Every structure is written in C-alpha cells, then in structure tokens.
Amino acid sequence: ATYPSPKTPGHIQDTLWRLGHNFKLVGDVLIVEGTASGSLTAGDIVYISASNTFARAQANAAVTSEAVGIVLETVASGGLARVQVTGIVQITGWGLSAASWYYLSPTVAGGKTVTAPTTVGQYVVPIGRAITSERLALLIDPGILL
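Starting afresh in each chain, residues are numbered from 1 along the sequence in its written order. Totals for whole chains, interfaces and linings use all residues, but because this is a predicted model, local features are given only for residues with pLDDT of at least 70 and pairs of side-chain atoms are given and counted only at 80 or more. With hydrogens and water stripped out, all remaining heavy atoms of the structure feed into the side-chain values.

Visitor: Help me understand the overall build of the chain in this model?
Guide: Per the convention used, a helix needs a DSSP run of H or I reaching at least four residues, while a strand needs a run of E reaching at least two, with both numbered from the N terminus. Secondary structure assignment for the chain yields 1 helix and 13 strands. Listing the helices and strands of the chain from first to last along the sequence gives α-β-β-β-β-β-β-β-β-β-β-β-β-β. Across the 146 residues in the chain, those meeting the buried criterion constitute 47%. We call two residues contacting when some pair of their heavy atoms lies within 4.5 Å. Contacts in the chain between residues at least 24 apart in sequence constitute 54% of all its contacts with a sequence separation of at least 6. Residue exposure ignores everything except the shown protein chains as possible cover, and the areas themselves are Shrake-Rupley values with a 1.4 Å probe. With an accessible surface of roughly 6,900 Å², the chain has 55% of that area assigned to carbon and sulfur atoms. Residue exposure (1.4 Å probe, protein chains only): buried if accessible area is under 20% of the type maximum, exposed if over 50%, otherwise partly exposed.

Okay, structure coming up:
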C-alpha cells in the first residue's frame, strides 16, 4: 500500500500509523508517542524525520516544514515524545494573543510566529488559532512554498 505525504490534508494520522507511532485518542484530542530526535521542549512544533523520529519543524525547507503536531512536555534526545496532533493544546507560559493565527517559524526550529513568512523559498504553514494566552486550536495545514 502507498500512503500520502503528511502534507496531504487529512492524512497525518495515516502517516504516523505507517511509521509505527502509538496513538491515544481522547475525545477530539489525538496524542502520538514516538522517539525524540534531539532534545525537545514543551511547545515545540515537530515533523517526522527521515529516521522516523520527531524533530523540530522549521518553515525554511520542504522536509522540515511538514509539521505534524506540538510536543506536550520536555524530553531528552532518544526519549519518548508525546505529540498532540489534533484538538486544543495548552502549554503554560506560551504568551499567545487570543484570536491570532500562528504559523511555523522559518527562523526558529520548533518555533511559532504570529506573522506568516513572506520570503521566497520559505513555507507558510498554519499551525492554529489562539483561544487564550495558553491555549491553541490546532489546525495544521500543508505548507505553501513562497
């Protein structure tokens, strides 16, 4: 069987399943567990690396812009990372602006920005919309190359 890339809307779960990641579904919240490729911090936005591990996503290249979710707690390299893929994610101390849209950062690996990238060669990857200063409705979409 062939599986679509994570950049194909609606197929992130299929891709994660194919890669052997463990799922936990609670209501509309999907949490996936897998190995961390490098240390990850709660709130980091991640993609699935070539070695099938979670690595910090960044909107400056095709592969690293394929965001799948947000890390829920800090984990050391090689540790078990818990990544939220759907639903409303809450990370203490995020400092979000309610009602603002957030995008994958082209300059900070794993980071988010309220300003969509505008530089040719970068990717505009919507991550979600802030509900409060610490809660974000995840709405990760495929990136658009500028």
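Visitor: Explanation requested: the packing of aromatic side chains in the structure shown.
Guide: In this description, a pair of aromatic rings is defined by centroid distance and the angle of the planes. Each pair of aromatic rings taken from Phe, Tyr and Trp, with Trp reduced to its six-membered ring, is defined by centres within 6.5 Å and is described as stacked if the planes are under 30 degrees apart, edge-to-face if over 60, and tilted in the remaining cases. Scanning the entire structure with this criterion turns up 0 aromatic pairs. Only when the NZ of Lys or the CZ of Arg is both within 6 Å of the ring centre and within 35 degrees of the ring normal is a charge said to sit over the ring. Sitting over the ring of Trp 94, Lys 112 keeps its end group 5.2 Å from the ring centre.

Visitor: Whenever I open this one, the nonpolar core confuses me. Can you help?
Guide: Considering soluble globular proteins, one finds that nonpolar side chains tend to be buried as a cluster. Here, the term nonpolar core denotes a set of buried Ala, Val, Leu, Ile, Met, Phe, Trp, Tyr and Cys residues that are joined through side-chain atoms within 4.5 Å. Ala 67, Ile 70, Val 89, Leu 104, Ile 127 and Leu 136 are the most contacted members of the largest nonpolar core, which has 23 residues in total. Mapped by element, the contributors of at least two residues to this core are strand 2 (29-35), strand 3 (45-48), strand 5 (67-71), strand 8 (101-104), strand 11 (126-130) and strand 12 (135-138). Beyond its immediate sequence surroundings of up to four residues, Leu 136 is in contact with Ile 70, Gly 87, Ile 88, Val 89, Trp 94, Leu 96, Tyr 102, Ile 127, Gly 128, Arg 129 and Ala 130. The next biggest cluster of nonpolar side chains, apart from the first, holds 13 residues, and it includes Phe 54, Val 71, Val 75 and Val 83.

Visitor: Hey, could you run me through the pattern of salt bridges in this one?
Guide: Pairing between side chains of opposite charge can happen when their charged atoms approach one another. A side-chain nitrogen of Lys or Arg and a carboxyl oxygen of Asp or Glu constitute a salt bridge if their distance falls within 4 Å. Per the counting criterion, the structure on display carries 2 salt bridges. Here Arg 56 makes a salt bridge to Asp 44, at a shortest N to O gap of 2.7 Å. In this pair, Arg 56 sits in strand 4 (residues 54-56) while Asp 44 sits in the loop between strand 2 and strand 3, placing the two residues 12 residues apart along the sequence. Take Asp 44: its relative accessible area is 10%, and that puts it in the buried class. The closest approach of N and O atoms between Arg 82 and Glu 73, which form a salt bridge, is 3.0 Å. According to the relative accessible area criterion, Arg 82 is partly exposed, its value standing at 25%.

Visitor: Can you walk me through the environment of Gly 79 in this structure?
Guide: Looking at the element boundaries, Gly 79 is found in the loop between strand 5 and strand 6 (80-84). If sequence neighbours within four positions are ignored, Gly 79 has contacts with Gly 34, Thr 35 and Ala 36.

Visitor: What is the right way to read the sheet that holds strand 12 from this model?
Guide: Pairing between sheet strands relies on hydrogen bonds along the backbone, with the strands arranged either parallel or antiparallel. Spatially, 5 strands are ordered 7-12-11-8-9 in an open sheet, and the strand pairing comes out antiparallel. The open sheet is flanked by strand 7 (88-90) and strand 9 (112-113), the only strands paired with a single partner. Pairing of strand 8 with strand 11, which is carried by 3 bridges, proceeds in the antiparallel orientation. Residue pairing in the sheet places Trp 101 in a bridge with Arg 129 of strand 11. When DSSP locates at least two bridges between a pair of strands, those strands are taken to pair.

Visitor: Just to check I follow, could you spell out the pairing of strand 12 for this structure?
Guide: Taken residue by residue, a regular strand's side chains alternate between the two faces of the sheet. Alignment of strand 7 against strand 12, held across 3 bridges, turns out to be antiparallel. In the sheet register, Val 89 faces strand 12, and the bridge partner there is Leu 136. In this structure, the hairpin formed by strand 11 and strand 12 is closed by a connection of 4 residues.

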